[in-house]
Amino acid sequence: MEQRALRRVGAFLAIVLPVLLIATASLAEVDWKAELGDHSGKTLRVIMIADPWVTAFEKINPEFEKLTGAKVIIDSYGYDATHEKQVLEGTQKSGAFDVIVLDSPWVGEFWEAGYVEDLKGYIEKTKPEVVEYDDFVEVFRVISDWKGHIVGMPFGAYFVTLDYRKDLFDQEGLTPPTTFTEWKKIAAHFTGNKKYPGMYGIAMNNLQGSPVGQAWFEYIWNLGGKPFKSCYPGSADPYADVTPMIDSPEGVAVVNLFKEMLQYGPPGALSMAWDERAQAFASGRVAMVSAWSVRTPIFLDPNRSSIADKFAPAVIPAKKGLKPVPPVGGWVMGISKYSKQKDLAWDYTKWFTSVDIHKKFVLAGGPPSRYTAMQDSELVSKFPWFKTIEKSAAMAYADCRPRIPESFEIISTVGIYVSRALTGELSAEEAMGKANAQIRDLLKKGGYNMSE
Amino acid sequence: MVRLWLNHRPFSIQERLDVQATSRQKLFFIAPAIVYLLAFSVFPLIYSLTVSLTDLNIARPHTGSFIGAGNYIRLFTPGSLFLKALYNTFFITFIAIPAEIILGYFIARLFYTARDVKGISVLRTVYIIPIMITPLIFGLTWSYILNPLLGIMNHILMLLHLSPQPWFGDPKTAIYSIIGVDIWQWTPFVVMLILAGLLNISQDLFEAAEVDGASWYHKVFHIEVPLIKRVIGIALIIRLMDVFRMFDLIYASTKGGPGGSTEVVSFFAYRESFNYYNTGIGSSASLIALVLIIFLSMLFVRFSRE
């Protein structure tokens, strides 16, 4: 009896102690003066996307400059231009940038091309309480890993949430849609409704190229499809067999769904990308938008949004009977292989992505990417939408957008053909058939395994 | 000349040395220009031609194998996006450039007629402001102005009780929106050239025509147009090259969409070269554009000479 009691206490301690240790370690403030080197007179250059979070970086960076004496310069570009600039710097073996902030689908490309350092060694050499790597959201940790190498610190996790006009939904007695059928009904309800003049049901990413290409990859899972034969949630190796399935019935259904939803979108819906759909929702003229969570702070900011106190986020809908797979994406912070000051680059990376600085980043408008941030009482009371993010994170699939080196071209190719189908130039079947053939050629050239 | 040469006494050795020295001196002076041309024009052209015959992708190792005309065959495959880009480029060329020339002539004529009016030089300066704006900036600015939901253009249309337009957001209107913006930006340039041509015409010709009882259309078609034909030819060639290089506006507004309706050759070459890093295909597309520009420019030169 005594032995059993002792075993129970032992088991209890075995579970609770590590949790307590992590919690204590997280709470303990890092002595940054001792942890960071003196980099007086040096300049650190960071390249990243010009997303709304740039201002958050600019708010926080002076603290690092004060601690180390180094100057931090951020160069930010549009989505395509960021990729273009980063790859060109890599092909030229240029050390112009020390820290490279990469989108999740580019992880494989940058590792295979040898443009970034493996951060595993850096993390191992640093005190665990400084890095707290396991505190990063699990699905995003998977994203930053490519064949066992850590390509970047997973600090900027984005999830797509369904943002809806809570005030109007309440008024109409509606609840956030959980299936595409409900979603369509609600979009139709608000479009052309005399009670809501000038209101539209939905704003979507329809712009040709990466925007609508990415949208296709965001919806395919939620219609029960997959882009490649062995790429699906739970797959042991998503790229073991990359036979493209872009023209599968589900792949075609995604295009038809986008086409159907055009009637509920604002005028010029075909030219909308990430910013335009967010602006449309923030202007108060759209009832629903599926947007990356990095834009949620814009919706909440009364200076930039007319619906700051009138909206709420929900988990995205899926086809009836399917569990939703909320798209996950976002940015990892890597170190350039060609940087001449990798010590400074790592000091910045570990500092910026640490628990306490991450909290400051989130408070300044950055996306929560650590469990400690998602569960922090101060943050949650300020940003109640973190609960939806946490729910979405638990259901997300790391490879919802491909991460192989060809992913940019694959996504863009899908985007060009989806756009041709949306304009009616090609039927959905023709468009996806052509995209499939082109992607098959591309993958064949890359030497991938395809069973069909 | 030949006779002079034959009658000339044979050159002395010293004279021959002097001639050779002069040739060497000439060569010495033009050498930098030759080196510059070889390095920055001839070499890139030959290199680009070589690359266009390979499957080079600068972001992937083990590419760059010789594939002959493979890239060109792919570009000219029926239904390819490149053919659409080529069609759109010609469409913009044949709508926008004549519109700019015709509009440019009329506006230049207005400025010409009002050349003695006080303050006209200020108006002329203001009028050419669009040319001075960075293309990417005006592309972004116009995409805000023509934003179907939040842009000022639709707001104005609605104030005038006209129906709002989707502008860049519909395949039927997108290409015309691009043409409209191009005309807005580049007509002032044509105006400048034609105005310079008009100001160079001697007043005596007009006075003589008036004495002979010439009507306005006689003056236009028998004096003005023939005398500014070369200027129009230059405007045509420059604008043709500009349209074939059109990139910033498409990049900032439509990204070639919707459905490839505003895809142009330069943007296609950019996407292949700098988004996908398919340098082989990008080079092939650029070379085709170059050949077309040279061919059309020669046609326009011939037109302006006749």
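Residues numbered from 1 in each chain as written. Chains lettered and ligands numbered in written order. Predicted model: local features only at pLDDT ≥ 70, side-chain atom pairs only at ≥ 80, totals over all residues. Heavy atoms only, no water.

Caption draft 1: Here's a closer look at the overall build of chain A. Of the regular secondary structure elements, chain A holds 21 helices and 10 strands. For 452 residues, the compact-globule estimate of 2.2 N^0.38 gives 22 Å, and chain A sits close to it at 23 Å. On the principal axes, the C-alpha backbone points of chain A span a range of 60 × 60 × 50 Å. Counting all 452 residues of chain A, 60% fall into the buried class. Within chain A, counting contacts between residues at least 6 apart in sequence, those at least 24 apart form 75% of the total. Charged side chains in chain A number 50 positive and 55 negative. The centres of these two groups are separated by 3 Å. (Helix = DSSP H or I, 4+ residues; strand = E, 2+ residues; numbered from the N terminus. Rg over C-alpha atoms; globule rule 2.2 N^0.38 Å. Buried < 20%, exposed > 50% of the residue type's maximum accessible area, 1.4 Å probe, protein only. Contact = heavy atoms within 4.5 Å. Lys, Arg positive; Asp, Glu negative; His and termini not counted. Charge placed at Lys NZ, Arg CZ, Asp CG, Glu CD.)

Caption draft 2: A look at the environment of alanine 96 of chain A. All names here are of chain A. Within the element layout of this structure, alanine 96 appears in the loop between helix H4 (79-91) and strand S3 (99-103). For alanine 96, a relative accessible area of 34% puts it in the partly exposed group. With 242 residues separating them along the chain, alanine 96 and tyrosine 338 place their C-alpha atoms 8.3 Å apart. Once you skip the residues sitting within four places of it in the chain, alanine 96 turns out to touch Arg45 and Glu89.

Caption draft 3: Region of interest: the interface of chain A and chain B. Every contact between the two is made by 33 residues of chain A and, on the other side, 32 residues of chain B. Overall, the association of chain A and chain B removes approximately 2,800 Å² of surface from exposure, summing both partners, and the carbon and sulfur fraction of that is 55%. Taken together, chain A and chain B are joined by 1 salt bridge. Scanning the region where chain A abuts chain B turns up 13 residue pairs in polar contact (both at pLDDT 80 or more). Only H4, helix H13 (274-282) and helix H20 (407-422) of chain A provide two or more residues apiece to the side of chain A that touches chain B. (Buried area = accessible area lost by both parts, 1.4 Å probe. Salt bridge = Lys/Arg side-chain N within 4 Å of Asp/Glu carboxyl O. Polar contact = N/O pair within 3.5 Å; in protein donor to acceptor, adjacent residues only side chain to side chain.)

Caption draft 4: How the structure looks around the pairing of strand S8 (residues 286-292) of chain A. Residues and elements named next belong to chain A. With 7 of 7 residues buried, S8 is to be regarded as a mostly interior element. The pairing of strand S6 (residues 153-165) with S8 spans 5 bridges and is antiparallel. Bridging across to S8, tyrosine 164 finds its partner in methionine 288. Bridge count for strand S7 (residues 200-203) against S8 is 3 bridges, and the pairing is parallel. In the strand pairing of S8, tyrosine 200 is matched with valine 286. (Pairing = 2+ DSSP bridges.)

Caption draft 5: Highlighting the layout of surface pockets. If you add up the space inside the largest pocket, you get close to 1,200 Å³. Around the largest pocket, the lining comprises 48 residues; the ones closest to its centre are Gly78, Ala273, Trp274, Asp275 and Glu276 of chain A. Mapped by element, the contributors of at least two residues to the lining of the largest pocket are H4, helix H11 (210-219), H13 and strand S10 (328-335) of chain A together with helix H7 (135-145) and helix H12 (248-253) of chain B. Residue contributions to the lining of the largest pocket peak at 5 residues, all from H13 of chain A. Counted by class, the lining of the largest pocket contains 27 nonpolar, 13 polar and 8 charged residues. Contributing to the lining of the second largest pocket are 32 residues, with Gln438 and Asp441 of chain A together with Arg74, Glu272 and Ile281 of chain B lying nearest its centre. Of the residues forming the lining of the second largest pocket, the biggest block, 7 residues, is contributed by helix H21 (residues 428-445) of chain A. In terms of residue class, the lining of the second largest pocket is made up of 14 nonpolar, 10 polar and 8 charged. (1 Å grid on protein atoms, 1.4 Å probe; cavity = no way out; pocket = protein on both sides within 12 Å on 5 of 7 lines; lining within 4 Å. Points joined across faces, edges and corners; volume = space filled by probe spheres on them. Nonpolar A, V, L, I, M, F, W, Y, C, P; charged D, E, K, R; others polar.)

Caption draft 6: Layout of the domain arrangement of chain B. Residue and element names in this part refer to chain B. When cut into domains, chain B gives domain 1 (2-52) and domain 2 (73-305). For domain 1 versus domain 2, the separation of C-alpha centres amounts to 40 Å. Each side of the interface is counted separately: domain 1 has 5 residues, and domain 2 has 6 residues. Taken together, both faces of the contact between domain 1 and domain 2 bury some 410 Å²; the carbon and sulfur share is 73%. Counting every contact that joins domain 1 to domain 2 gives 0 salt bridges. A breakdown of the residues in the side of domain 1 that touches domain 2 according to their chemical character gives 3 nonpolar, 2 polar and no charged. (Domains from an automatic or database assignment.)

Caption draft 7: Main features of the packing of aromatic side chains. Scanning the entire structure with this criterion turns up 64 aromatic pairs over all chains. Relative to phenylalanine 352 of chain A, the ring of phenylalanine 155 of chain A has its centre 6.0 Å away and its plane inclined at 80°; by these criteria the two rings are edge-to-face. One end of the pair, phenylalanine 155 of chain A, is in strand S6; the other, phenylalanine 352 of chain A, is in helix H15 (residues 342-352), and 197 residues separate them in sequence. Judged on exposure class, the residue phenylalanine 155 of chain A and its partner phenylalanine 352 of chain A are both buried. With a centroid separation of 5.8 Å and 85° between ring planes, the pair formed by phenylalanine 90 of chain B and phenylalanine 244 of chain B is classed as edge-to-face. Of this pair, phenylalanine 90 of chain B sits in helix H4 (residues 81-113) while phenylalanine 244 of chain B sits in helix H11 (residues 216-244), placing them 154 residues apart in sequence. Lying over the aromatic face of phenylalanine 136 of chain A, arginine 370 of chain A brings its terminal NZ or CZ to 3.8 Å of the ring centre. Cation over ring: lysine 255 of chain B sits above tyrosine 251 of chain B, and NZ or CZ is 4.4 Å from the ring centre. (Phe/Tyr/Trp six-rings, centres within 6.5 Å; stacked < 30°, edge-to-face > 60°. Lys NZ or Arg CZ within 6 Å of the ring centre and 35° of its normal.)

Caption draft 8: Structural context of the domain arrangement of chain A. All names here are of chain A. Looking at chain A, the domain boundaries give domain 1 (8-151 + 329-395) and domain 2 (159-327 + 400-445). Inter-centroid distance (C-alpha atoms) of domain 1 to domain 2 is 28 Å. For domain 1, the biggest contributors to the area lost against domain 2 are Pro105, Trp385 and Met395; these three give 26% of the whole. Across the contact surface, domain 1 and domain 2 share 2 salt bridges. Arginine 295 is paired through a salt bridge with aspartate 51; the nearest N and O atoms lie 3.8 Å apart. For the pair domain 1 and domain 2, the interface holds 8 residue pairs in polar contact (both at pLDDT 80 or more). With 6 residues, the top contributor of residues to the side of domain 1 that touches domain 2 is helix H19 (residues 386-395). Considered class by class, the residues forming the side of domain 1 that touches domain 2 number 15 nonpolar, 9 polar and 7 charged.

Caption draft 9: Focus on the confidence of the model for chain A. Residues at a pLDDT of 70 or more form 94% of chain A, whose mean pLDDT is 91. Low pLDDT (under 50) marks residues 13-27 of chain A, which in the prediction has 7 contacts with non-local residues, meaning those over four places away or in another chain. (pLDDT = per-residue confidence, 0-100.)

Caption draft 10: Spotlight on the environment of proline 227 of chain A. All names here are of chain A. Here proline 227 is to be found in the loop between H11 and helix H12 (249-261). What makes proline 227 buried here is its relative accessible area of 0%. As a C-alpha pair, proline 227 and serine 339 span 112 residues in sequence and 36 Å in three-dimensional space.

Caption draft 11: Representation of the pattern of salt bridges within the structure. Following the criterion strictly, the structure yields 32 salt bridges over all chains and no others. Taking the shortest distance from any N to any O, the salt bridge between lysine 84 of chain B and glutamate 425 of chain A comes out at 3.3 Å. One end of the pair, lysine 84 of chain B, is in helix H4; the other, glutamate 425 of chain A, is in the loop between H20 and H21, on a second chain. A cluster of three or more residues bridged by salt bridges with shared partners is formed by Glu100, Asp182, Arg239, Asp242 and Arg245 of chain B.

Caption draft 12: Representation of the nonpolar core within the structure. Among the nonpolar cores identified, the biggest contains 211 residues, and Trp53, Trp216 and Tyr348 of chain A are the most heavily contacted of them. In terms of residues, this core owes the most to one element, H4 of chain B, which gives 13 residues. Sequence-distant contacts of tyrosine 348 of chain A, that is, excluding residues within four places in its chain, are made with Leu44, Val46, Phe57, Asn61, Phe64, Val72, Val99 and Met333 of chain A. (Core = buried A, V, L, I, M, F, W, Y, C linked by side-chain atoms within 4.5 Å.)

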